[in-house]
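A closer look at the structure
These are the residues of each chain, in order.
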Amino acid sequence: MNKSELFLVVTSGWLTLVAAFALLHSISLTSGRASVQLSDISVAQSAGDSLTAGQQQTIPPPPPPPRPLPPPPFPNDPKLTSPSSEPVRQLSGSSEIELQQLASYLPKGSAIATFPVGETQTRAAKSVAVLDKTGRVLTVLVYSVGGRSELLELGVFAAEDGKLAKLASTKLPGSYVYTNIYDRFTAPFGIVDVNGDGLPEIIVTSSQGASLGAQLQVFSFDGATLNQIAEVTGHQIQMISTGAGRTAIFKSKWKEEDKEHTFAWKSGKLEEVR
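Residues numbered from 1 in each chain as written. Predicted model: local features only at pLDDT ≥ 70, side-chain atom pairs only at ≥ 80, totals over all residues. Heavy atoms only, no water.

1. Some thoughts on the overall build of the protein
Secondary structure summary: the protein contains 2 helices and 17 strands in total. Residues classed as buried in the protein amount to 28% of the 274 residues present. Contacts in the protein between residues far apart in sequence, at least 24 positions, make up 45% of those at least 6 positions apart. (Helix = DSSP H or I, 4+ residues; strand = E, 2+ residues; numbered from the N terminus. Buried < 20%, exposed > 50% of the residue type's maximum accessible area, 1.4 Å probe, protein only. Contact = heavy atoms within 4.5 Å.)

As structure tokens, then:
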């Protein structure tokens, strides 16, 4: 082999090495770009996922569905009303103006007592009668002074110079007139002869609470003074009267007792019948 041939062989080998090195360098750059591109895609994907999660956290939850409306009432359904402890009753036997006029003759702040006489009516504790042998027509009132919680008063009044003048009065043990609208023998207030002497007595039953029971009192009036001549206590009190000139019988019962007590007049006094 001469020098020219050797030079060609060496040159050819050198060019082959250079070409191989260039090829390797190109492949390395390409893979690097691909790696960078894949890395960019991964970062973008992560950012997108993070953004989506953030957006989901800021979006409020949807409101709950509205409650369904109640069905419309049928035409014949009764109207619903709130319960009431006491029904509304109409004043019977008197007018509000009359009671206000009577109260104007009493101490300031007084009110005439009333009591129920049925499911729909109420009555004032007032009456006009002849109580003694003088023949005077007197007015008898049960009234409160200073409020409902105060004890009641019983008063006897006479008309003088167009006004009512108090002749006598006494405190009662209760703060309201006690009655039982379902008992026809109940005696909340009245004027009737109960001891058979021919003159009417004043009957009034009062209480400070239904659970405590009540006290029925019988008063006579001698023209100047109210005198208590009898009393009956219990949760249920009855008066059975047969008219003027005849004695009345009283019955009482406490709710914690099974026994009923009966009272009758004997020698001018009301005594329990044994």
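Still more to cover.
2. A few points about the sheet that holds strand 3 (residues 114-116)
Here 3 strands make up an open sheet; going across it, the order is 1-4-3 and the pairing mixed. Each having just a single partner strand, strand 1 (90-92) and strand 3 make up the two edges of the open sheet. The mean angle between the axes of side-by-side strands here comes to 40 degrees, regardless of whether they run parallel or antiparallel. Bridge analysis of strand 1 against strand 4 (residues 121-124) gives 3 bridges, and the strand direction is parallel. Counterpart to Q90 in the pairing with strand 4 is Q121. (Pairing = 2+ DSSP bridges. Axes fitted to C-alpha atoms, helices over the stretch in contact; angles between N-to-C directions.)

3. Topic: unusual backbone geometry
A positive phi angle is found at D161, which is not glycine, with a value near 55 degrees. When you line up the elements, D161 lands in the loop between strand 7 (152-160) and strand 8 (163-171). D161 sits in the exposed class, given a relative accessible area of 82%. One non-glycine residue, S267, lies in positive phi territory at about 55 degrees. Looking at the secondary structure, you find S267 in the loop between strand 16 (261-266) and strand 17 (269-272). Classification of S267 as exposed rests on a relative accessible area of 75%.

4. Some remarks on the pairing of strand 16
Here strand 16 shows a buried face lined by H261, F263 and W265 and an unburied face lined by T262, A264 and K266. Across 4 bridges, the pairing between strand 16 and strand 17 is antiparallel. Across the sheet, the residue bridging to A264 is E271, located in strand 17. Where strand 16 folds back on strand 17, the antiparallel hairpin that results is connected by 2 residues, among which S267 adopts a positive phi of roughly 55 degrees.

5. Some words on the pattern of salt bridges
Per the counting criterion, the structure on display carries 4 salt bridges. Note that E98 and K126 form a salt bridge whose closest N and O atoms lie 3.2 Å from each other. Pair noted here: E98 is in helix 2 (residues 96-103) and K126 is in strand 5 (residues 126-129), with a separation of 28 residues, a long-range link. (Salt bridge = Lys/Arg side-chain N within 4 Å of Asp/Glu carboxyl O.)

6. Some remarks on the pairing of strand 6 (residues 138-145)
Of all 8 residues in strand 6, 7 are buried; the element is thus mostly enclosed. Inspection of the sheet shows strand 2 (residues 110-112) paired to strand 6 by 3 bridges, in the antiparallel sense. Bridge pairing links A111 to S144 in strand 6. Bridge count for strand 5 against strand 6 is 4 bridges, and the pairing is antiparallel. Pairing of V128 across the sheet is with T139, part of strand 6.

7. Here's the deal with the layout of surface pockets
Looking at the second largest pocket, its volume works out to about 200 Å³. Lining the second largest pocket are 16 residues; nearest its centre among them are F115, V117, R123, P188 and F189. Among the elements of the structure, strand 3, strand 4 and strand 10 (189-192) are those that each provide at least two residues to the lining of the second largest pocket. Looking at side-chain class alone, the lining of the second largest pocket contains 10 nonpolar, 4 polar and 2 charged residues. (1 Å grid on protein atoms, 1.4 Å probe; cavity = no way out; pocket = protein on both sides within 12 Å on 5 of 7 lines; lining within 4 Å. Points joined across faces, edges and corners; volume = space filled by probe spheres on them. Nonpolar A, V, L, I, M, F, W, Y, C, P; charged D, E, K, R; others polar.)

8. Digging into the confidence of the model for the protein
Taken as a whole, the protein shows an average pLDDT of 80; of its residues, 70% reach a score of 70 or greater. Low pLDDT, under 50, characterises residues 27-56; the predicted model gives this stretch 0 contacts beyond four residues in sequence or across chains. (pLDDT = per-residue confidence, 0-100.)

9. Details of the nonpolar core
In terms of nonpolar packing, the biggest core is built from 21 residues, with L131, V142, L154, V156, F189, I202 and L226 touching the most fellow members. At the level of elements, strand 6, strand 7, strand 11 (201-207) and strand 12 (214-221) are the ones that each hand at least two residues to this core. By residue number, the principal contributor to this core is strand 7, which donates 4 residues. (Core = buried A, V, L, I, M, F, W, Y, C linked by side-chain atoms within 4.5 Å.)

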